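Inside the fold
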Amino acid sequence: MFSKPLIALSITLALSGCVTTPAVQHQPFTLTVAHINDTHSHFDPVKSSFSANGVEVFNEFGGYPRLQAMVTQYNAQAQKNDQSLLFLDAGDAFQGSAYFKINQGAMNADLLDQMGLDGMALGNHEFDLNNQKLNRFVSSLDIPIIATNVDVSHDTNFNGQTNILPYQIFAFDGDHKTVVKDINNLPKHKNLVAVFGLSLQDMPNIAPHTGDVKFLNEVKTAQSTVDFLKSKGINDVIALTHIGNATDIALAEKVNGIDLIVGGHSHTLLGDFTNIGWSNFGPYAQMVKNPNGKASTCIVQAGKYAEAIGKVNVSFNSQGEVTNCAGHNTLLSNDVFYHKSDRKPQDKFTAAQTAQVEQFIAKQKNIVIIN
C-alpha cells in the first residue's frame with residue numbers, strides 16, 4: 001500500500017527534477033469510465049417524475065439495486081467487447097437516509113463493496129461522524145479511498161490506516177485489469193491509467209469533525225501529482241474529485257495534464273434532459289482547455305442520490321492526449337407509473353399507457369428502465 005510520506009517524497013523528487021521518465025511504451029487506447037457520486041445512503045429508489053411526450057409520469061429513479069444491475073450490464077459489455085473499464089465513486093456516500101442514521105456507515109461499506117468499485121473519493125459528509133468512525137468505515141472497505149490532498153498522518157484516529165491512497169494505478173490489456181502496486185516497476189506492454197483524488201481544501205470550514213486531518217491546496221496538489229505520475233511514464237491521468245463542478249472547471253483551467261475529471265459534491269446531473277421535461281444542466285464530457293493552451297481536460301459528474309449513473313468513453317493517443325471524450329448520464333427508472341404524485345391505486349397507468357411510456361423511454365439515451 002502507498003502512504004502519505006511516500007507520495008510527498010515522490011512528488012518532491014518529481015518537482016526537483018530527480019526522476020527520469022522510464023521507457024514505457026504507449027499505444028492509442030480507449031477507456032470506459034462508469035461513475036457515481038453523492039449517493040448519500042439512498043439505497044432505496046427516489047420518488048420522482050418526468051414527462052413522456054407531454055404526459056406527466058410519476059415514477060421512481062435509482063436505488064443501489066438498479067445501480068448494481070447497470071454496472072453488471074457495463075461489465076458484461078466490456079467483457080464481450082474486450083473493452084477497458086473503470087468504475088469510480090466521487091464521494092459523499094454518508095448521510096441522506098435513515099439507513100445511515102441507524103448503522104452509521106456500516107451498510108454503506110457493505111453495499112459499495114458489492115458494486116465492485118475501483119476507487120472512491122473522500123466527500124465532506126464522510127466527516128459528519130467522527131474520525132474514529134470514519135477510520136472504521138475506510139478500513140472495512142475492500143475498495144480504496146483515493147485522497148491525494150488529504151493528510152491523515154497527524155490524526156491518531158488513523159494510525160496504521162493503509163486504505164487511504166494518494167493514487168491508484170491500473171494496467172489494462174483489453175478487458176483485463178490489474179492494480180499496479182509498485183510505481184517504480186511499471187509493466188511495459190500494457191495501457192497504464194493513474195487515478196488520483198481531491199477533496200475540498202476548505203474541508204475544516206464545511207465538515208464538523210475533521211480533527212487533525214490536513215487538507216492541501218487542490219491546484220498545487222493536482223499539478224505536482226500529475227507531474228510526478230508523468231515523470232514515471234504514466235500519461236493517462238484521471239482526477240477523482242469531490243470539489244464541485246464549477247471548481248472542477250477551474251481546476252482544469254489551472255492544471256496541465258489531467259485527462260479526465262470525475263466529479264462530485266455539487267450534485268450536478270450533467271447533460272441535456274429537456275427530452276423528459278427536465279433542464280439542460282450543462283455539457284456532459286465538457287472539454288476545458290488547460291493553461292498551456294494545448295491540451296484539454298474532460299469533465300463529468302452524475303447527479304445525486306443514486307438516481308443515475310454516468311458512462312464516458314475517453315480515447316488517448318500514443319502521447320496520452322485525449323482525442324475524444326463522449327458519453328452521458330442515464331437515469332434508472334422503475335416500470336410502475338402514476339398520474340399523480342400521491343400514487344394512489346386508481347391513478348396507476350393502465351397497461352396500454354404503461355406500454356406507451358416504455359416505448360418513449362426506449363427511444364431516449366438518458367433514461368432506462370431497470371428492474
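Let me sum up the structure you'll find in this document. Just so you know, these numbers come straight off a predicted model, no measurement behind them. (Residues numbered from 1 in each chain as written. Predicted model: local features only at pLDDT ≥ 70, side-chain atom pairs only at ≥ 80, totals over all residues. Heavy atoms only, no water.)

1. Some thoughts on the overall build of the protein chain
Scanning the protein chain from terminus to terminus reveals 9 helices and 19 strands. Computed over its C-alpha atoms, the radius of gyration of the protein chain comes to 21 Å, within 12% of the 21 Å expected for a compact globule of 371 residues. Buried residues in the protein chain amount to 56% of all 371 residues. When contacts within the protein chain are restricted to residue pairs at least 6 apart in sequence, those whose partners lie at least 24 apart make up 71%. (Helix = DSSP H or I, 4+ residues; strand = E, 2+ residues; numbered from the N terminus. Rg over C-alpha atoms; globule rule 2.2 N^0.38 Å. Buried < 20%, exposed > 50% of the residue type's maximum accessible area, 1.4 Å probe, protein only. Contact = heavy atoms within 4.5 Å.)

2. A closer look at the sheet that holds strand β15 (residues 286-289)
On the basis of which strands lie adjacent, the open sheet formed by 7 strands has the order β10-β9-β11-β13-β14-β16-β15 and mixed pairing. Each edge of the open sheet is held by one strand with a lone partner, namely β10 (176-180) and β15. Averaged over neighbouring strand pairs, the angle between their axes works out to 25 degrees when direction is ignored. Strands β9 (167-173), β11 (191-199) and β13 (236-242) of the sheet are contacted by helix α7 (residues 218-231), whose axis makes an angle of about 165 degrees with β11. (Pairing = 2+ DSSP bridges. Axes fitted to C-alpha atoms, helices over the stretch in contact; angles between N-to-C directions.)

3. Describing the nonpolar core
Soluble globular proteins tend to bury their nonpolar side chains together. Formed by 68 residues in total, the largest nonpolar core has its most connected members in Leu112, Phe137, Phe196, Leu229, Ile258 and Ile309. In terms of residues, this core owes the most to one element, helix α2 (residues 64-81), which gives 6 residues. One finds Leu86, Phe170, Ile238 and Phe316 within the second-largest nonpolar core, a separate group that totals 26 residues. (Core = buried A, V, L, I, M, F, W, Y, C linked by side-chain atoms within 4.5 Å.)

4. Comments concerning α2
Every α-helix winds through 3.6 residues per turn, so residues three or four apart in the chain are directed the same way. Look at α2: 26 Å from first C-alpha to last across 18 residues, which is about the 26 Å you get at 1.5 Å a residue. Listing the buried residues of α2 in full gives Tyr64, Arg66, Leu67, Met70, Val71, Tyr74 and Ala78. Looking down the long axis of α2, one finds its buried residues gathered within 160 degrees of arc, a one-sided arrangement. Opposite the buried face of α2, by more than 90 degrees, sit the exposed residues Pro65, Gln79 and Lys80. Buried residues in α2 make contact with β1 (29-36), β4 (84-89), α4 (106-115), β17 (308-316), β18 (322-333) and β19 (367-369). Positive backbone phi, approximately 55 degrees, marks aspartate 82, located one or two places after α2. (Expected span 1.5 Å × (residues − 1). Arc of directions from axis to C-beta.)

5. Notes on the pairing of strand β3 (residues 55-61)
Bridging between strand β2 (residues 46-52) and β3 involves 7 bridges; their strand directions are antiparallel. By the bridge assignment, phenylalanine 50 is partnered in β3 with valine 57. In this structure, the hairpin formed by β2 and β3 is closed by a connection of 2 residues, where asparagine 53 is found at a positive phi of approximately 55 degrees.

6. Some thoughts on the state of the cysteines
Counting across every chain of the model gives 1 disulfide. Residue cysteine 298 pairs covalently with cysteine 325 via a disulfide, S to S 2.0 Å. Taking the sign of the S-S torsion, about -75 degrees here, the bridge from cysteine 298 to cysteine 325 comes out left-handed. Of this pair, cysteine 298 sits in strand β16 (residues 296-301) while cysteine 325 sits in strand β18, placing them 27 residues apart in sequence. The same class applies to cysteine 298 and to cysteine 325, which are both buried. (Disulfide = S-S within 2.5 Å.)

7. Re the packing of aromatic side chains
Counted according to the given criterion, the structure contains 13 aromatic pairs. A ring pair is formed by phenylalanine 29 and phenylalanine 172, whose centres lie 6.0 Å apart and whose planes are at 35 degrees; its orientation type is tilted. Residue phenylalanine 29 is found in strand β1, and its partner phenylalanine 172 is found in strand β9; the two are separated by 143 residues along the sequence. An angle of 85 degrees between the planes, with centres 6.4 Å apart, marks the rings of phenylalanine 50 and phenylalanine 337 as edge-to-face. Of this pair, phenylalanine 50 sits in strand β2 while phenylalanine 337 sits in the loop between β18 and α9 (351-362), and the two are 287 residues apart along the sequence. Across the pair, phenylalanine 337 and phenylalanine 50 agree in class, each one buried. Through a chain of ring-to-ring contacts, three or more aromatic side chains come together here, namely Phe50, Phe61, Phe273, Trp278, Phe281, Phe337 and Phe349. (Phe/Tyr/Trp six-rings, centres within 6.5 Å; stacked < 30°, edge-to-face > 60°.)

8. Details of the environment of aspartate 236
If you trace the backbone, aspartate 236 turns up in strand β13. Residues aspartate 236 and valine 57 lie 179 residues apart in sequence; the distance between their C-alpha atoms is 42 Å. With sequence-adjacent residues up to four places away left out, aspartate 236 is seen in contact with Phe29, Leu192, Val193, Ala194, Asp259, Phe316 and Gly320.

9. Brief notes about the side chain of glutamate 218
In this fold, glutamate 218 is placed in helix α7. Ignoring any residue separated from it by four or fewer positions in sequence, one finds glutamate 218 in contact with Asn149, Leu198, Ser199, Leu200, Gln201, Ile243, Thr247 and Leu251.

10. Section: the packing of α2 against α4
Two quantities define a packed helix pair, namely the angle between the helix axes and the distance between the axes. Where α2 meets α4, the axes come as close as 10 Å, and the angle between the chain directions of the two elements is 20 degrees. With respect to α4, the element α2 is oriented roughly parallel. Classified by chirality, the crossing of α4 by α2 is right-handed. The residues of α4 that touch α2, namely those facing Tyr64, Leu67, Gln68 and Val71, are Leu111, Leu112, Gln114 and Met115. Classifying every residue of the contact of α2 with α4 by side-chain character gives 6 nonpolar, 2 polar and no charged. (Parallel < 35°, antiparallel > 145°, perpendicular 65-115°, else oblique. Left-handed = near helix turned anticlockwise from the far one by under 90°. Nonpolar A, V, L, I, M, F, W, Y, C, P; charged D, E, K, R; others polar.)

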